[in-house]
Structure formats: C-alpha cells, structure tokens
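# Survey of secondary and tertiary structure
Residues per chain, in single letters:
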Amino acid sequence: MSIVDLRSDTVTQPSLAMRKIISQAIVGDDTHGDDPSVNMLQQDIADRLGFEAALFFPSGTQSNLCAILSHCERGDEYLVGQNAHCYRFEGGGAAVFGSVQPQPLAHLADGTLSIDDIRSAVKPDDAHFARTRLLALENTFGGKVMPLSFLEQATNVAKEFGLARHLDGARLFNAAVAQTHERQGDPWKQAKDIVRYFDSVSVCFSKGLGAPVGSALCGSKELVARARRLRKTAGGSMRQAGMMAAAASYALEHHVDDLQNDHELATRLANGLRDIAGLRVKACATNMVFVQLEAGSTVAATARTTELVDHLRKHGILATGLYDLRFVTHRDVDQAGIDKVIAAIKSFF
Ligand SMILES: *Cc1c(COP(=O)(O)O)cnc(C)c1O
C-alpha cells in the first residue's frame, strides 16, 4: 500500500535529479568558508531577495534562534505571535540559550497581529522591564499568507520604536507563489516585496521546496557575521555542507513554481471535505488544510480526532496536528492521493 503522508511538507524526498546534483556537488570545508556550493547558495539567495549576505543553517529552528540572538542581547525581549513557530514550536530556544524573553501577542482571526497590540506591547525604558528589541513575524503563518499591508504597518510600528524586524519565512515562497499566481507574476519579485520590510529573513529549503535539509538566514553583513559566530556556538557550523547547499540551490531553481501544485491540491482537499457534517474545514491560500471535529465537548472532539487519525492510518494516510488536525500537501502527493484522503474521511463519517 502506498502511503499518503500529509503530516508535513518536510516529508518530501529528494528527487533522482536532486540526488544527482548532490552527488556531483563541488565541496570544501564551510567552517573555513571555502565550500563553493555553500558560498554560491548564500550569495544567490541574498542577491535575489535583496540582502547583503546570507548564511546556510542545518535547520530553520537554528536559523531563527541565531537571528533572534543576533538582534537581541541577554535581558532583551522580542514581540512575537502566540502561535508563531519561533515562540511556540522551537523549545523556547531564545530564552533557553540566549536569556531573551518572548512577549507573545494574540493572533487575529486572519493570523495577523493587532497593530495596537504591537504598539502597546513595546515596554517603556524602565528597570522593571526587559528591553523590547525585536518584532518577529511569520509568513506564511499556519498556511495563511500575511497581507503586505499588515507587514508594512507592523514593521512601521517596530521602526518607530527602534525595534529590529525578523521574518520567519520558512514558507516564504508559498506566500510569494500564492500572491503571484492570479496575475501570472514572478514569485521571486513578490518574495522580494515581502522581505523588504525586514532586517532579516529565514527561509526553509526542507519544506515544500523539497531539499533534504537546510535553511538560509539573510540580512546585513554585520548581522550575518554575528549569526555566524552564534551558529558555531550552537554547533551548526558544518564542513562539506555543499552537498546540501547544492540541493537547496537546485530546489530554488526548479521547485519554486511547483508550489502552486501543492496549493491546488490543498484546495481540492478542502473542497472535497466541505460538505461533511460534523467536520469544520479551515482552508487557506497555500498548502495546508485544518479540520476540527465537532463533538459535544473539547475532550470528546479530541477523542474523535484520535479515532479519525487511527482510521486514516489504517487506510495508509498519515496526518497529525498539535492543535487542529492538519493536512499538508507537497510535491510527493498527487490528485489520486488527495482523492483517497477525501474518500477515507467520508468513510469515517
Ligand atoms: C519548519 C518551520 C521552522 C523550522 O524549521 P526546521 O528546519 O524544522 O527547524 C520555522 N518556522 C516555521 C514557520 C516552520 O514551519
């Protein structure tokens, strides 16, 4: 039985073409700065997104961590969404390793933050408080594309208070592709338009782009130099990392436009589930579909969700979710796989 794995877009396997590129990569010792494939990737993504420099990381978690610690010092704080990855889903790294405290803010229904909340969360210069130093946003957030007008307003408030601005753009290209698709635009131009509000951005290659591992942190030369020291301290300075950087470069060249297919599969799934009584479907413009099971209580709904997950597993379908049940489409699923998921969920009900 072939498995339809919708737990995450991180499950994507490197294609044969990508494996060939990996096997042929010209490499060096990146800790000494002389891996040509790493240097090429860093230069390329920095140039194309409009930053001075970039740094290749083994993971997005480490890239976000080193970004936050590059912007902040011990005793500082960063403003961040309550459900943002770099607050909720990274083991509290900024606090654990950097003594930087998060100041989480509630999300609005569309995933954005209230501009007033951002403004009033900035703490006065007073010994009672941590120093507010950074605003960290995320795009896409929970699969949702953040409107440019929100990014502009939020980062303007940050600027007003002298805060640095970081974007967790793990799925930056999903946002860019979704925003350009209707008008046949260039996703790279859109990506550049998204990141221009920020001092730093972290982009994952290991999600929908389909590379095996890695993220890049883009920023000024000065910021990247600080992040490079922190990356070493965090144990993330690699050696012949060009094997992985070559895969990331290949993904940037060949897989960005393909993200549109993932988005269409998610729409197909959401539409296929829409009419099922007892199921609340929350679709978005990119590659995620969230569902909530309606039951008498939260406890009952959780139990029913576990039953559904077990039922799907028996049908060769994998899905998970730390809060709502989540289905993530990616380049290793197709229409037939999605139709199988729809049929299996219908059979459960
Ligand atoms: C996956 C993800 C990360 C972290 O990437 P890892 O490579 O898994 O550490 C950061 N932010 C967001 C929004 C993500 O989805």
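Notes on the structure in this doc start here. Computed from a predicted model, the values in this text were never measured in an experiment. What you see as residue numbers is a count from 1 along each chain, following the sequence as written. Where totals are concerned, whole chains, interfaces and linings use all residues; where local detail is concerned, this predicted model gives features only for residues with pLDDT of at least 70, and gives and counts side-chain atom pairs only at 80 or more. Computation of side-chain values: all heavy atoms of the structure, hydrogens and water removed.

### Looking at the site of the ligand
Selection criterion: A cutoff of 4 Å decides nearness: a residue is near a molecule or strand if any of its heavy atoms lies inside that distance of it. In protein, a polar contact means a hydrogen-donor-capable atom and an acceptor-capable atom, both N or O and within 3.5 Å, with residues adjacent in sequence counting only if both atoms are side-chain atoms; elsewhere, any N or O pair within 3.5 Å suffices. Under the DSSP-based scheme used, a helix requires at least four consecutive residues in state H or I and a strand at least two consecutive residues in state E, with every element numbered from the N terminus. Only Asp, Glu, Lys and Arg are considered charged in this grouping, and only Ala, Val, Leu, Ile, Met, Phe, Trp, Tyr, Cys and Pro are considered nonpolar; every other residue, Gly among them, is considered polar.
Taken together, Ser59, Gly60, Thr61, Asn64, His85, Glu90, Glu138, Asp168, Ala170, Arg171, Cys204 and Lys207 make up the full set of residues near the ligand. Side-chain polar atom of histidine 85 to a nitrogen atom of the ligand: 3.5 Å apart, as the coordinates give it. For the ligand, a nitrogen atom lies 2.6 Å from a polar atom in the side chain of aspartate 168. Ranked by residues supplied to the shell around the ligand, first place goes to helix α3 (residues 60-71) with three residues. Its residues assigned to classes, the shell around the ligand comprises two nonpolar, five polar and five charged.

### Looking at the side chain of aspartate 5
As a reminder of what qualifies: Any two residues having at least one pair of non-hydrogen atoms within 4.5 Å are treated as being in contact.
The topology assignment puts aspartate 5 in strand β1 (residues 4-5). Polar side-chain contacts of aspartate 5 include one of 2.6 Å to the side chain of arginine 7. In this structure, aspartate 5 is in contact with Val11, Leu318, Val328 and His330, ignoring residues within four places of it in sequence.

### Points about the sheet that holds strand β7 (residues 200-204)
For the record, the criterion: Only strands that DSSP links by at least two bridges are regarded as paired with each other. Structural elements are reduced to axes, namely lines fitted to C-alpha atoms, with helices fitted over the stretch in contact, and the angle between N-to-C directions of any two is expressed from 0 to 180 degrees.
If you walk across this open sheet you meet the seven strands as β2-β8-β7-β6-β5-β3-β4, and the pairing is mixed. Among the strands making up the open sheet, the edge pair consists of β2 (53-57) and β4 (101-105). Pairs of neighbouring strands in the sheet enclose a mean axial angle of 20°, with direction left out of account. Here strand β3 (residues 76-81) runs beside strand β5 (residues 131-138); their pairing, made up of five bridges, is parallel. Note on β5: the bridge partner recorded for glutamate 77 is threonine 132. Strand contacts of helix α10 (residues 221-233): β2, β7 and β8 (215-219), with the helix running at about 20° to β2, the strand carrying the most contacts.

### Brief notes about the pattern of salt bridges
When their charged atoms lie close together, side chains carrying opposite charge are able to pair. Cut-off, in case you're wondering: A pairing counts as a salt bridge when a side-chain nitrogen of Lys or Arg comes within 4 Å of a carboxyl oxygen of Asp or Glu.
If you walk through the whole model with that rule in mind, you get 19 salt bridges. The partner of arginine 7 in a salt bridge is aspartate 5, with the nearest N and O atoms 2.6 Å apart. With a shortest N-O distance of 2.7 Å, aspartate 76 and arginine 131 are connected by a salt bridge. With aspartate 76 in strand β3 and arginine 131 in strand β5, this pair connects stretches of sequence that are 55 residues apart. Where salt bridges share partners, they join Asp44, Arg48 and Glu253 into one cluster.

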